[in-house]
Amino acid sequence: MSGGWFCNFPKKGAQSVIRNFTLLVVALFFLMVFLIIQDQRSIPTRNLLIFYTSNLHAQLNPFSSDTMEGQTSKVGGIAFIRAFIDDFVRRFRMNQCLPILLDTGDSLFGSPEASLTMGEAPFDLMEKSDYDAMAIGNMEFEFGMDVLRKFALSNRIPLLACNYRDLKAPLGNTFLPSKLIEREGFKIGVVGLGHADLARNTRLENVVQIEITDMKTSVQKAAVDLRTRGAEVVVLLSHHPGFSDSRKDLAELFPEVDVIIGDLISQPTSSILGRPVVCQTPRARGAELGIVRIPYIGGEWSFKKAFRSVVTVDAGSIHPNPDLLSEIQKVESRVDNLLEEVIAFSQGDFKRSFNSESTMGNLITDTMRKVTGSQIAFQNSGSIKSTFLEGPISLRDLYEVLPFENNIVSMNLFGWQIENMVEDGLSARGSFLQSSGIQCTYCSLNPPGFRVIQIGVNDEPLEAENSYRVAVTDFMLQNSFSWPELAQGRDIAIHGMLRESLKQHFTDLGTISPFLSQTGSQTNSFEQRFIDIQSEDETLRKQALLIELASISENVLHSPGIESGYGKLIAEILRADTDSDFSLVPHNFLSPGTEPLKVVSPMRILSDMKEYVPVQIVEIPGVTFKKVLEYSLVASEGGVLCFAGLSIELKDGKLNQIFPWEGDFDPTRTYKVAIPGNFPVSGAGTHKWYDISNFKRKTVSSDLRRLFINGIRRRQGKVEIRRAIY
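Residues numbered from 1 in each chain as written. Predicted model: local features only at pLDDT ≥ 70, side-chain atom pairs only at ≥ 80, totals over all residues. Heavy atoms only, no water.

1. Re the overall build of the chain
And then number 1: Scanning the chain from N- to C-terminus turns up 20 helices and 37 strands.
And then number 2: By residue count, 53% of the 726 residues in the chain fall in the buried class.
And then number 3: In the chain, 75% of the contacts between residues at least 6 apart in sequence involve partners at least 24 apart.
And then number 4: Carbon together with sulfur atoms contributes 52% to the accessible area of the chain, which is approximately 33500 Å² in total. (Helix = DSSP H or I, 4+ residues; strand = E, 2+ residues; numbered from the N terminus. Buried < 20%, exposed > 50% of the residue type's maximum accessible area, 1.4 Å probe, protein only. Contact = heavy atoms within 4.5 Å. Areas by Shrake-Rupley, 256 points an atom, 1.4 Å probe, with all protein chains shown as cover.)

Listed below in structure tokens is the structure:
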């Protein structure tokens, strides 16, 4: 029996093996078919290609730009941008790609061609470049609402802004909220979003007819409308800043938006978790072109597999679009004729200077003061690039003098802030400030930071706590490192483009002269606004340094360690005058052997504080701030810190608790901390946690010593110095 079973086994076993093998082959076949189908389903059948530009500033031709390798190359140019797109689509066909070209705004203003054609030249060339839509930037309003309304109603390029309502239009619909774009049966929706703070970013008279509606509600309404009309992909085309990919609320803020293309968006993270896809802003003036690709896989658009990039438009390696190049040449020919227009005559040669006042500087700042109705006007010397010679002045001459597209802004500043700005210019900390409305006596032999002796405004002394209306340029306002006081200005207003204001003023005058005040009063000689006494009046020079500015109620000692009364006094002035949570001042910021402080004078402060350093605010996480304090407690005398805004409790010589003067200490919170500009950014040895170099910071004052003196004067010497250690 057993032998028969054994003899029969090979036959039955073979049949089983064959059956199993057949089943395996069939299974593998179906698995292979399944994988082939899955693989086919993962291959895009379409690719949505969105090209976009940002802040073109009406730059029609290539311009010089520094590369990362330190070389200079020609980049940008509308004819080159269009040629790059056409070549890209031709070379990388990508399975029926659907190309769209968009712009985020600030594109119709900013060049001579734009100014002289009232925006028509860049608008016409963008139309010929086949832009599908553009968001309305704040600079689009620079030619006035009537011009912008004409562009919008022409329907040549859809101008989008879902949050703007034109109060003059019957239905308020001058600007389209959105645009539905069809490509080969697919529908792509684009929602436009304008800047919500137009009043601070353009001339007020140009936007008084614009009602700005709620951003979230406006975008949602426009996006839902696009979905209703069949949009498969909704793109938010925004000129409103702040939609960085680091924000965690974008999906909640814009639930119907798939892609965000906007202004001031830095490098996005490498991984895309889904919607919305946030795209990096390319460099301005067409130097870079943004590209985002959305693949269509398995019957739907795959946002998780989206590709984003910005590429340099290298004019040296691109053959420009010949039709656009021809159109640009026609514009240039027309503009060349306009630039020869004579706008005024000069009765003498004007001069310019980088380190002292000049007739060109006086001419420009006088005009700024007149246009804005301000008491004082400042212009940085470095922005004046040429001069006027005796004879006719053409528009070309004006562009050569002021090649930058700067606006005039005005604001209210305190007298002490104005004095700081003038002092910096006289101390070679930056560009000398060309000025109007002030008379300044100074001594260049005095130490930097203490050269001003007196400033007059309308024949009256400048009062530290009085408020004055001051006109500057938007470039100066945005440069907080050079002129930090301007960032603290109040009631800021924009008055239009500096060059256009000068053109109008010169045309009204007809004749200008370096020996005539341009504000209306007639003089017979050059008006000197800065008088350097040097060694001519030694008594006045010394008095300016020895004058008693304030007195402390009792002697303040610079004792060893963090309880130094003098160190805590400096820290408290820094904290209070910068509106910071805390302040930190190295103990050795004061000179060794510093005598007790009772009377505050420039000479005394110069003796105690040798370094001319700015004041900065750095944002430090609480956990790091605690470690900085811990390091200070064990550091040698050179690493000891004096502080204000908090007290500490020690236990067994170690930091036990931190007691802010307001609220409880939270290690997870980020605190604003005022520090001197030379504050050490990293500890010695292995103390890597003490490194604060990567934290966000801004300059709020150019000279700690002047901030300290002004703070003491405003408080009339009465400053509460609290206990540091318990």
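2. Observations concerning the pattern of salt bridges
And then number 1: In this structure the tally under the stated criterion is 34 salt bridges.
And then number 2: The shortest N-O distance in the salt bridge between Glu 327 and Lys 330 comes to 3.7 Å. Here Glu 327 and its partner Lys 330 are both found in helix H10 (residues 322-339), three residues apart, which amounts to about one turn of the helix.
And then number 3: For Glu 327, a relative accessible area of 21% puts it in the partly exposed group.
And then number 4: Note that Arg 714 is salt-bridged to Glu 465, the shortest N-O span being 4.0 Å. Of this pair, Arg 714 sits in helix H20 (residues 704-714) while Glu 465 sits in the loop between strand E24 (460-461) and strand E25 (467-473); the two residues are 249 residues apart in sequence, bridging distant segments of the chain.
And then number 5: We classify Glu 465 as partly exposed; its relative accessible area is 43%. (Salt bridge = Lys/Arg side-chain N within 4 Å of Asp/Glu carboxyl O.)

3. A look at the packing of helix H17 (residues 565-578) against H20
And then number 1: Remark: H17 packs on H20, axes separated minimally by 9 Å, with the N-to-C direction vectors making an angle of 85°. Viewed along their axes, H17 and H20 adopt a mutual orientation that is roughly perpendicular. Contacts from Tyr 566, Leu 569, Ile 570, Ile 573, Leu 574, Asp 577 and Thr 578 in H17 reach Leu 704, Leu 707, Phe 708, Gly 711, Ile 712 and Arg 714 in H20. (Axes fitted to C-alpha atoms, helices over the stretch in contact; angles between N-to-C directions. Parallel < 35°, antiparallel > 145°, perpendicular 65-115°, else oblique.)

4. What about the sheet that holds strand E26 (residues 490-497)?
And then number 1: Taking strand neighbours across the sheet as the criterion, the five strands line up as E21-E18-E25-E20-E26 in an open arrangement whose pairing is mixed. Both edges of this open sheet fall to strand E21 (433-436) and E26, since each of them pairs with a single strand only. With direction set aside, neighbouring strand axes in the sheet form an average angle of 25°.
And then number 2: Bridging between strand E20 (residues 407-414) and E25 involves seven bridges; their strand directions are antiparallel. By the bridge assignment, Leu 413 is partnered in E25 with Tyr 468.
And then number 3: Docked against the sheet, helix H11 (residues 359-372) engages strand E18 (376-380), E20, E21, E25 and E26, running at close to 135° with respect to E18.
And then number 4: In the packing of helix H13 (residues 415-426) onto the sheet, contacts are made with E18, E20, E21, E25 and E26, and the angle to E20 comes to roughly 120°. (Pairing = 2+ DSSP bridges.)

5. Comments concerning the environment of Ile 712
And then number 1: Secondary-structure assignment places Ile 712 in helix H20.
And then number 2: The sequence separation of Ile 712 and Ile 573 amounts to 139 residues, and the corresponding C-alpha distance is 7.5 Å.
And then number 3: Aside from chain neighbours lying at most four places away, what touches Ile 712 is Ala 550, Ile 552, Leu 569, Ile 573, Val 600, Gly 717 and Val 719.

6. Here we look at the pairing of strand E14 (residues 288-297)
And then number 1: With respect to burial, E14 is a largely interior element, nine of its ten residues being buried.
And then number 2: Sheet analysis places strand E1 (residues 46-53) next to E14, joined by seven bridges and oriented antiparallel. Bridge assignment links Leu 49 to a residue of E14, and that residue is Arg 293.
And then number 3: Bridge count for E14 against strand E16 (residues 307-312) is six bridges, and the pairing is antiparallel.

7. Thoughts on the confidence of the model for the chain
And then number 1: When pLDDT is averaged across the chain, the result is 87; 88% of the residues are at 70 or more.
And then number 2: Across residues 1-9, where pLDDT falls below 50, the model places zero contacts with residues more than four positions away in sequence or in other chains.
And then number 3: This model gives residues 683-689 a pLDDT under 50, and the stretch forms eight contacts once residues within four places in sequence are excluded. (pLDDT = per-residue confidence, 0-100.)

8. Considerations on the nonpolar core
And then number 1: In this structure, Phe 51, Phe 141, Phe 175, Ile 364, Phe 388 and Phe 506 are the most contacted members of the largest nonpolar core, which totals 76 residues.
And then number 2: Element by element, the count of residues in this core is highest for helix H2 (residues 78-91), at nine residues.
And then number 3: The residues contacting Phe 388, other than those within four sequence positions of it, are Gly 348, Asp 349, Phe 350, Met 360, Leu 363, Ile 393, Asp 397, Leu 398, Val 401, Phe 506 and Ile 512.
And then number 4: Membership of the second largest hydrophobic core comes to 31 residues, among which are Leu 597, Ile 617, Leu 704 and Leu 707. (Core = buried A, V, L, I, M, F, W, Y, C linked by side-chain atoms within 4.5 Å.)

9. A short note on H17
And then number 1: The end-to-end C-alpha distance of H17, which contains 14 residues, comes to 20 Å, matching closely the 20 Å that a straight helix rising 1.5 Å per residue would cover.
And then number 2: When you tally the buried positions in H17, you get twelve out of 14 residues, the bulk of the element.
And then number 3: All of the buried residues in H17 are Gly 565, Tyr 566, Gly 567, Lys 568, Leu 569, Ile 570, Ala 571, Glu 572, Ile 573, Leu 574, Arg 575 and Thr 578.
And then number 4: Just downstream of H17, Asp 579 is the residue with a positive phi angle, here 55°. (Expected span 1.5 Å × (residues − 1).)

10. Comments concerning the sheet that holds strand E12 (residues 259-261)
And then number 1: Strand order in the open sheet formed by five strands is E8-E9-E11-E12-E13, with mixed pairing between adjacent strands. In this open sheet, the two edge strands, each paired with only one partner strand, are strand E8 (178-183) and strand E13 (277-279). When strand polarity is set aside, the average angle formed by the axes of neighbouring strands in this sheet is 20°.
And then number 2: Strand direction decides the pairing type here: strand E11 (residues 233-238) and E12, joined by three bridges, are parallel. Each residue of the ladder has a partner; that of Leu 236, found in E12, is Ile 260.
And then number 3: Set on the sheet, helix H8 (residues 215-228) makes contact with E8, strand E9 (186-193) and E11; between it and E9 the angle comes to about 165°.

11. A few points about the pairing of E11
And then number 1: Most of E11 is tucked away, with six of its six residues classed as buried.
And then number 2: Every second residue of E11 is oriented toward a common face, with Val 233, Val 235 and Leu 237 on one face and Val 234, Leu 236 and Ser 238 on the other, all of them buried.

12. Thoughts on helix H4 (residues 120-128)
And then number 1: Those residues of H4 that fall on the buried side of the exposure criterion are Ala 121, Pro 122, Phe 123, Asp 124, Leu 125 and Met 126.
And then number 2: Asp 130 sits one or two residues past H4 and shows a positive phi near 70°.

13. Topic: the side chain of Glu 423
And then number 1: Tracing the backbone through its elements, the reader meets Glu 423 in helix H13.
And then number 2: An unpaired buried charge is present at Glu 423: no salt bridge exists, and Arg 706, the closest side chain of opposite charge, is 5.0 Å distant.
And then number 3: Within the structure, the side chain of Glu 423 is placed 3.3 Å from the backbone nitrogen of Phe 450, a separation counted as a polar contact.
And then number 4: Once you skip the residues sitting within four places of it in the chain, Glu 423 turns out to touch Gly 449, Phe 450, Arg 451, Val 452 and Arg 706. (Lys, Arg positive; Asp, Glu negative; His and termini not counted. Polar contact = N/O pair within 3.5 Å; in protein donor to acceptor, adjacent residues only side chain to side chain.)

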